[in-house]
Amino acid sequence: MDLILCHTTADFDALGAAVGLSRLWAGAKIVLTGGSHPAVKDFLALHRDEYALIERRSVNPKQIRSLIVVDTQHRDRLGVAAEWLDLPQIEQIVVYDHHLEIDRDISATATHIADVGATTTLIVEELQAQQVEITSFEATVMALGIHVDTGSLSFDQANHRDALALAWLMQQGTSLHVVRDYIDPGFSPQLQALLTEALDNFHCDRLRGYTVTWVLLKTPGYVSGLSSLAARLMELTESDAVLLGARYALGDSGEERLTVIGRSQIPGTNLNELFQPLGGGGHSQAASLSLRGVDGQATLQHLVDRLKATIPHPPTARELMSSPVRTIRPDTTIAEAQRILLRYGHSGLSVVDPTGKLVGIISRRDIDIALHHGFSHAPAKGYMTTNIKTITPETTLPEIQALMVTYDIGRLPVLQDGELRGIVTRTDVLRELHQEGARSEELGVRGNAVGIIPPAAFLRLLSDRLAAPFWELLTQASAQAEQRGWHLYLVGGGVRDLLLAKQNDAAPLYLQDIDLVVDGFHRAADVGAGVELARALQQLYPAARLEIHGVFQTAALLWHKDPIFGSLWIDIATARTEFYPYPAANPEVEASSIRQDLYRRDFTINSLAVRLTPPRAGEMLDFFGGLLDLQAKQIRVLHPNSFIEDPTRIYRAVRFAVRLEFAIEPQTENYIRYAINSGIYKRTQGNNSRAPALQTRLKNELKYILQAPYWQAALSLLGDLDALQCLHETLKLDKTLWQQLRFLERCLRRFNRESQKSKVKSQNVPIPPWLLRLEVLIAYLAPEYRDRVAQNLQLPDDSINRLRHLQQAQERVLTVLPSCRLPSQVFDLLRQYDLPMLILIALRCPRPVRSLVWQYVTQWANVQPPLNGHDLKQLGYKPGPQYRQILDDILAATLDGIIRDRTEAESYLFEHYPR
């Protein structure tokens, strides 16, 4: 006999999961081990005969073969049926549950535990996978299980898997009117009386912007439906968290039993962790416990105090605001104000007088209306709003939200001592609320899946995965920034790589490129903040070399082959925004906020940041969906004009996609193709003397790609995107070019193998392989384009000269080489060219010519004459210009087989050059 066990006081999720399992385990029977919720009891009064239910008392324990436990991992939730777990003949015990971080005390042979809103969802997924058909009655009770446990997909623990499961159940014939009837069956007279008592006696406290309510009721005995009562109390008192206690005497002993039901909507609180030490549990936002022989009032107060202690401090304007603020003067024209909005992507501007005092705000809508009526030259003061609501740096998020809703304000200036310090916009508030919602789900990194990680957990992730010296370095940097009143963030690739690193990888992670961004907190971080922080760190790490770059004064600390840090490179910059004056230009940068700094990044997966400084150290910033894109393994650009502004992002997209084995998101690919086909790069080069993104920066990206082990896959993807047009509009990766590149690889492998054997200097290619590959690409262009492309990319002088004279050298070799009958003649022709030039010529010539060139570079170029200048002197020849002619003749005779050893060389010498 196979039994499916529901926990005591079974709810719809336990019942629904059990019903589904009865279809997966043919012949299995469902046992309610100890009562059920009132709504479940009412439901079964009508529907019991539709399901494989049997009474516990009708079970013969000796016949039990397998046990399947649903919606719990604790023995005591199975009542007396827990004794069956210890029967000697049991072949297997399987547990299905959706409560994570539970200390399971059931010794199971198999477990199915996942982060979903309802256990029933797991069963539905197995039914779908095995293509099992179910009845409408079965679909209805399973749908009830998911609806009730996820609040009809409104609870934070609900996710897309629950929604997909419900959709499938609807296809199987779920009765929606039955679902409606039992989701909210109404209060019994007993619950109505208790609700009235609770409303008369509840206590509440307002803390950090949240309302916590609690009440202790005395009941004559066990009462079903207390969870519904707690939810209704939370709704009627407009509370953010409720703890409802009910105490009653057990029999004649007088011993009291206490039941506590908890509900919370406060981000950062976790009722499961709160109740677990006392033997309870559940979800982070819904949990319960039951105790005997305790002081009910003291226990409830203890739980209330602990809950209050876990309520996080809400964000303040200081943490939300953008700073510095873009301001204009009252006499600034509407046209100039519109230009500033366009440049910085703002939706409004603060207006200040000559002393810096805030006098008004003008929105994009105000400017648009003025432009529509032809007032582009009118001053901003005629359209600005002067009735301004302001806040201070300490104003909390709930207070900010209330001001925006009450007065329908889209932006609130932040003033301190009358000075404009920052601005908080609706977007800032919405992003923070979204972040809070994501944090409250308390997802984590599981396997290779990436989710929102609570701040404390991310700090543990950093300390656990990073090699100890690297974690210590970040800790020191954070302390130095905090001392100066700044926030410090780890941004970009470091965050991405930490999240992508396998969780079970025991090897510590050594980051070789770390990007840190300084942002103002207690005081503004000016353009020199990054340099100041870098200098402070260099005092702690004197082995590092400090470099300061550009007018914006970004700083870098570099270690070279350090025994601890290896070749580590740390970039430290102040948060900044950027603007491209024209496509492919170097961006113009200005100090800004961390949000603007992340917005200027190339892709969403590189726009992640983690705060290293308190308060809220370890908080992840993900304003653009980078975590979801990491999960989806896709490269997505932040805005449509990204590739037009900076074509090197096309090459970075390809590099990341191939290296990380990600796909380029379809819309992003469309943006790439549009930018390439628009002809903007050709027009940019024609209209501007400098286009760095098509010159040095493009060369650097090509270097990263062409020196990587995955260069062929990356180049193939660039070819598919027609992205080689960034070098020149005529360059395409066709079959012939691929053949040339493959021939080059054979050459490089051969030279590498031969140099390892013989270590002959002439067999080593004198330039890096990546540069030779790039020369092959440029050499595929028509001769009249090669020189200009090579100079645009600012290649080394040798490379430019080689490509400039390649056509002339190739024509000479093709003309003369076929007429060479002796090896010495081939030698004389080819010795005037260096090895890279000969490789370029060989891969572009017919096979017979290529064979001779190949024979020259692999054999004849390495032949040495049996005699040298020292030998000639020993043989009595007077040093002079004739030495060169003599040695060349001896070498030619050696190449042609006339001379085979030193004796023959001396005979040849005496015959042709008598002393």
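Refer to the structure printed above.
Throughout, a residue's number is its position along its own chain's written sequence, starting from 1. Selection of residues for local features in this predicted model requires a pLDDT of at least 70, selection of side-chain atom pairs for listing and counting requires 80 or more, and totals for whole chains, interfaces and linings are taken over all residues. Hydrogens are left out, water is left out, and the side-chain values use all remaining heavy atoms of the structure.

At T9, a residue that is not glycine, the phi angle is positive and equals roughly 50 degrees. Each helix is a run of H or I in the DSSP string that is no shorter than four residues. Each strand is a run of E no shorter than two, and both are numbered from the N terminus. Along the polypeptide, T9 turns up in the loop between β1 (2-6) and α1 (12-24). Three labels apply to residues, based on accessible area from a 1.4 Å probe with only protein chains included: buried if under 20% of the type maximum, exposed if over 50%, partly exposed otherwise in between. A relative accessible area of 24% places T9 in the partly exposed class. Even without being glycine, L153 reaches a positive phi, approximately 70 degrees. Within the secondary structure, L153 sits in the loop between α4 (136-150) and α5 (160-171).

Take the pattern of salt bridges next. By salt bridge we mean one thing: a side-chain nitrogen of Lys or Arg within 4 Å of a carboxyl oxygen of Asp or Glu. Inspection of the entire model under this criterion finds 35 salt bridges. Taking the shortest distance from any N to any O, the salt bridge between R65 and D2 comes out at 2.9 Å. One end of the pair, R65, is in the loop between β3 (53-54) and β4 (66-70); the other, D2, is in strand β1, and 63 residues separate them in sequence. The exposure class of D2 is buried, given its relative accessible area of 8%. Taking the shortest distance from any N to any O, the salt bridge between R339 and E336 comes out at 2.8 Å.

A few words on the pairing of strand β17 (residues 419-425). Burial analysis of β17 places 5 of its 7 residues in the buried class, the great majority of the element. Across 6 bridges, strand β16 (residues 411-416) lies against β17 in antiparallel orientation. Residue pairing across strands places P413 opposite I423, the latter belonging to β17. Here β16 folds back onto β17 in antiparallel fashion, the turn holding 2 residues, of which D417 has a positive phi close to 55 degrees. Any two strands with at least two DSSP-identified bridges between them are counted as paired.

Take the sheet that holds β1 next. Strand order in this open sheet of 6 strands is β3-β2-β1-β4-β5-β6, and the pairing throughout is parallel. At either margin of the open sheet sits one strand with a lone partner, and together these are β3 and β6 (110-113). Of the strand pairs in this sheet, strand β5 (residues 92-97) and β6 are connected by 4 bridges, and their pairing is parallel. Residue pairing for β6: D97 is matched across the bridge by I113. On top of the sheet, α1 reaches β1, β2 (29-32), β4 and β5; it is set at about 165 degrees to β1, its chief contact. In this analysis, two residues are considered to be in contact whenever any of their non-hydrogen atoms come within 4.5 Å of each other. Each axis is a line fitted through C-alpha atoms, taken for helices only over the stretch in contact, and angles between the N-to-C directions span 0 to 180 degrees.

Working definition: a ring pair exists when centres of Phe, Tyr or Trp rings (six-membered ring for Trp) sit within 6.5 Å. Plane angles under 30 degrees give stacked, over 60 give edge-to-face, the rest tilted. According to the stated counting rule, one finds 16 aromatic pairs in the structure shown. A ring pair is formed by F43 and Y182, whose centres lie 5.2 Å apart and whose planes are at 85 degrees; its orientation type is edge-to-face. Here F43 is found in helix α2 (residues 38-47), whereas its partner Y182 is found in helix α6 (residues 176-183), with 139 residues between them in sequence. Across this residue pair, the class does not change: F43 and Y182 are buried. An aromatic cluster is built from F470, Y510, Y541, W559 and F565, whose rings are joined through pairwise contacts. Any Lys NZ or Arg CZ found within 6 Å of a ring centre and within 35 degrees of that ring's normal is scored as a charge over the ring. In this arrangement the basic side chain of R850 is found over the ring face of F743, its NZ or CZ atom lying 5.1 Å from the centre.

Below, the discussion takes up the sheet that holds strand β10 (residues 256-264). Taking strand neighbours across the sheet as the criterion, the 6 strands line up as β7-β8-β9-β10-β12-β11 in an open arrangement whose pairing is mixed. On the outer flanks of this sheet lie β7 (203-207) and β11 (281-282), each paired with one strand and no other. As judged from the 5 bridges shared by β7 and strand β8 (residues 210-218), these two strands associate in the antiparallel manner. Bridge pairing in β8 places D205 opposite V212. Along the sheet, helix α7 (residues 189-201) makes contact with β7 and β8, crossing β8 at roughly 125 degrees. Helix-sheet contacts for helix α10 (residues 296-310) involve β7, β8, β9 (241-249), β10 and β12 (286-292), and the interaxial angle to β8 is about 170 degrees.

Counting through the fold element by element, R496 comes out in helix α18 (residues 493-500). Excluding anything up to four places from it in sequence, R496 contacts I605, N606, L630, F656, R659 and L660.

A few words on the packing of helix α32 (residues 823-830) against helix α34 (residues 847-858). Where α32 contacts α34, the two axes come as close as 10 Å, and the packing angle between them is 85 degrees. As the angle between them shows, α32 and α34 are arranged roughly perpendicular. Residues V826, F827 and L830 of α32 pack against L852, V853 and Y856 of α34. Residue classes in the contact of α32 with α34 are distributed as 6 nonpolar, no polar and no charged. Our angle categories are set so that under 35 degrees counts as roughly parallel, over 145 as roughly antiparallel, 65 to 115 as roughly perpendicular, and the remainder as oblique. Classification convention: Asp, Glu, Lys, Arg as charged; Ala, Val, Leu, Ile, Met, Phe, Trp, Tyr, Cys, Pro as nonpolar; all other residues, Gly among them, as polar.

For the rest of this paragraph, the subject is the nonpolar core. L516, Y651 and L774 are the most contacted members of the largest nonpolar core, which totals 130 residues. Counting residues in each nonpolar core, the second largest holds 44 residues, with C6, A39, I134 and A139 among its members. By convention a nonpolar core is built from buried Ala, Val, Leu, Ile, Met, Phe, Trp, Tyr and Cys residues, the set being connected through side-chain atoms within 4.5 Å.

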